[in-house]
Amino acid sequence: MSMSRPATAEVAAAVAQTARPVTFPVTAPPEPGQCIEIAPGILWARLALPFRLNHVNIYLIEDGDGYAALDTGIADDQTKEAWLALLSGPLNGKRLTRLIVSHHHPDHIGLAGWLCERFGIPLLTSQTGFLACNNISLSPNALGADTYRAFYRSHGMNDTAAEMVATQGNYYLRMVTPLPLTFFRLVAGERLKIGARVFDILSGDGHAPEQIMLYDPSARLLLAADQVLARITPNVSVWAVEPDGDPLGLYTRSLGSMAASLPEDTFVLPGHELPFSGLHTRIAEILAHHEERCGTILEAVSEKPMTVADLVPVLFPRPLDPHQMSFAFSETHAHVNLLIHRENLAWTKDEDDVLRVVLATR
Ligand SMILES: [Zn+2]
């Protein structure tokens, strides 16, 4: 397979040459039930999450006589109450005009169905986001199929973690209300007018397929969802449904094109953690982080052939519970598949159908 794609290390180096440091104009996030006007007519609030990453950012964008909401939090009573408190408190009883959802992960889409029904507002999201959520809802046990179990086994995943992955659909659905029956499709390259602002619609793959971002060129302001976060790197995973997929390649290319098309002084409003400036520096850091992990894998594999499961503790040396293990496994797999696509690694199969990677010979 021969494809020309930019080497991410080169992109990182090029970007780093000109870039300004990551800075945080506001260093304290909004308190529960409160909003911060983070840019003219854009309110920033936080909703709690019951995970190690304990919050998601949502944004309310002035839209005529009300606010367009971006992202929702997960479907639980606490989050519903938080929404009602925001509307009656900081939003002064103003109405919601529409709901924009960046991607189909439960912390971003979880309450979409409830919000749209309760407030009679339309849902705007990517086609893939809408279909991905519905796909899981229609077939929550799909990942339990023998083919997928065999996939995880062939890569050395243990039974507990495999069971975790197989039942992930049901876990997802506990955090998501059923979507509205119709939606408005957001398409990269088109524009979306919200109140006085006109946003360019961008999309990026890797963390979630066709994740939507909104860029206001007149203010150089980017609603980045989970594509670029200030301190953590978003999860990028290979799933059994697309075993040879290269989500990390998609992700790094998306970052490369963002660095090429968005100005250095872009103000980033992300889905988690603090809003920041210094987009190019942060992109360079994330690209360098993934290159370093690829280097660590190549070093380990140069010693002996390894399964994806063998490589998990190489990248994640700390003890992992089964939930963390399933994420760590899929993230490790993403690095392995990138190195396969780059022809740095190749698969070998033993007589038990276990797959290991070896250094590719050229
Ligand atoms: Zn996400």
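Residues numbered from 1 in each chain as written. Predicted model: local features only at pLDDT ≥ 70, side-chain atom pairs only at ≥ 80, totals over all residues. Heavy atoms only, no water.

Turning our eyes to something else, we now look at the overall build of the chain. The helix and strand tally for the chain stands at 12 helices and 15 strands. Scaling as 2.2 N^0.38, a compact globule of 362 residues should have a C-alpha radius of gyration of about 21 Å, and the chain matches this with 21 Å. The principal-axis extent of the C-alpha atoms belonging to the chain is close to 65 × 45 × 35 Å. Looking at the chain as a whole, 52% of its 362 residues qualify as buried. Roughly 16100 Å² of accessible area belongs to the chain as shown, and the carbon and sulfur atoms make up 53% of that amount. (Helix = DSSP H or I, 4+ residues; strand = E, 2+ residues; numbered from the N terminus. Rg over C-alpha atoms; globule rule 2.2 N^0.38 Å. Buried < 20%, exposed > 50% of the residue type's maximum accessible area, 1.4 Å probe, protein only. Areas by Shrake-Rupley, 256 points an atom, 1.4 Å probe, with all protein chains shown as cover.)

Turning our attention to helix α11 (residues 308-315). Looking only at α11, the buried set comprises V308, L311, V312 and L315. Across the axial projection of α11, the buried residues extend over an arc of 120°, all falling on one side. Those residues of α11 that are buried lie in contact with α10 (279-303), α12 (322-341), β14 (345-349) and β15 (355-359). (Arc of directions from axis to C-beta. Contact = heavy atoms within 4.5 Å.)

This part is about the packing of helix α9 (residues 247-261) against α12. Following both chains from N to C, one finds α9 and α12 inclined at 80°, their axes separated by 7 Å at the closest point. In terms of their interaxial angle, α9 and α12 are classed as roughly perpendicular. In this structure, α9 contributes P247, L248 and G249 to the contact, and α12 contributes A334, H335 and L338. Residues that form the contact of α9 with α12 fall into these classes: 4 nonpolar, 2 polar and no charged. (Axes fitted to C-alpha atoms, helices over the stretch in contact; angles between N-to-C directions. Parallel < 35°, antiparallel > 145°, perpendicular 65-115°, else oblique. Nonpolar A, V, L, I, M, F, W, Y, C, P; charged D, E, K, R; others polar.)

The next thing to look at is α9. Helix length check: α9, at 15 residues, gives a terminal C-alpha distance of 21 Å against a target of 21 Å (1.5 Å per residue), a fit within 8%. Among all positions of α9, only P247, L248, G249, Y251, T252, S254, L255, G256, M258 and A259 are buried. (Expected span 1.5 Å × (residues − 1).)

With that out of the way, let us pick up a nonpolar patch on the surface. Where nonpolar side chains cluster on the molecular surface, the patch consists of W239, V241 and F327 and spans about 270 Å² of accessible area. Looking at the element boundaries, F327 is found in helix α12. (Patch = residues over 30% accessible without salt bridge, like charges linked within 9 Å, V, L, I, M, F, W, Y side chains within 5 Å. Salt bridge = Lys/Arg side-chain N within 4 Å of Asp/Glu carboxyl O.)

The next subject is empty space enclosed by the protein. For the structure on display, the rule yields 1 cavity of 30 Å³ or more. Size it by volume and the largest cavity reaches roughly 30 Å³. In terms of lining residues, the largest cavity is bounded by N57, Y59, L70, D71, S102, A225, L269, P270 and G271. Residue assignment for the lining of the largest cavity shows that the elements contributing at least two residues are β3 (55-63) and β12 (267-270). Here the residues of the lining of the largest cavity are counted per class, giving 5 nonpolar, 3 polar and 1 charged. (1 Å grid on protein atoms, 1.4 Å probe; cavity = no way out; pocket = protein on both sides within 12 Å on 5 of 7 lines; lining within 4 Å. Points joined across faces, edges and corners; volume = space filled by probe spheres on them.)

Let us now look at the side chain of S326. Mapped onto the secondary structure, S326 falls in helix α12. Every residue in contact with S326, bar those within four places of it in the chain, is listed here: M157, A161, M164, V165 and Q168.

What follows concerns the side chain of H155. Topologically, H155 is positioned in the loop between α6 (146-154) and α7 (159-166). In this structure H155 comes out as buried when scored by relative accessible area, which is 3%. With residues up to four places along the chain from it excluded, the contact list for H155 reads T307, V308, A309, F329, H333, W347 and L355.

Side-chain alternation along strand β8 (residues 191-194) places L192 and I194 on a buried face and R191 and K193 on a face that remains uncovered. Direction of pairing for β8 relative to strand β9 (residues 197-204): antiparallel, over a ladder of 4 bridges. When the sheet's bridge partners are listed, K193 is paired in β9 with V198. Remark: 2 residues form the turn of the hairpin made by β8 and β9, two consecutive strands paired antiparallel; G195 in that turn has positive phi of roughly 55°. (Pairing = 2+ DSSP bridges.)

A few words now on the packing of α10 against α12. In contact at an axis separation of 10 Å, α10 and α12 are set at 80° when each is read in the N-to-C sense. Taken together, the axes of α10 and α12 lie roughly perpendicular to each other. Packed against α10, whose contacting residues are H290, R293, C294, I297 and L298, the element α12 presents E331, T332, H335, V336, L338 and L339 at the interface. Here the residues of the contact of α10 with α12 are counted per class, giving 6 nonpolar, 3 polar and 2 charged.

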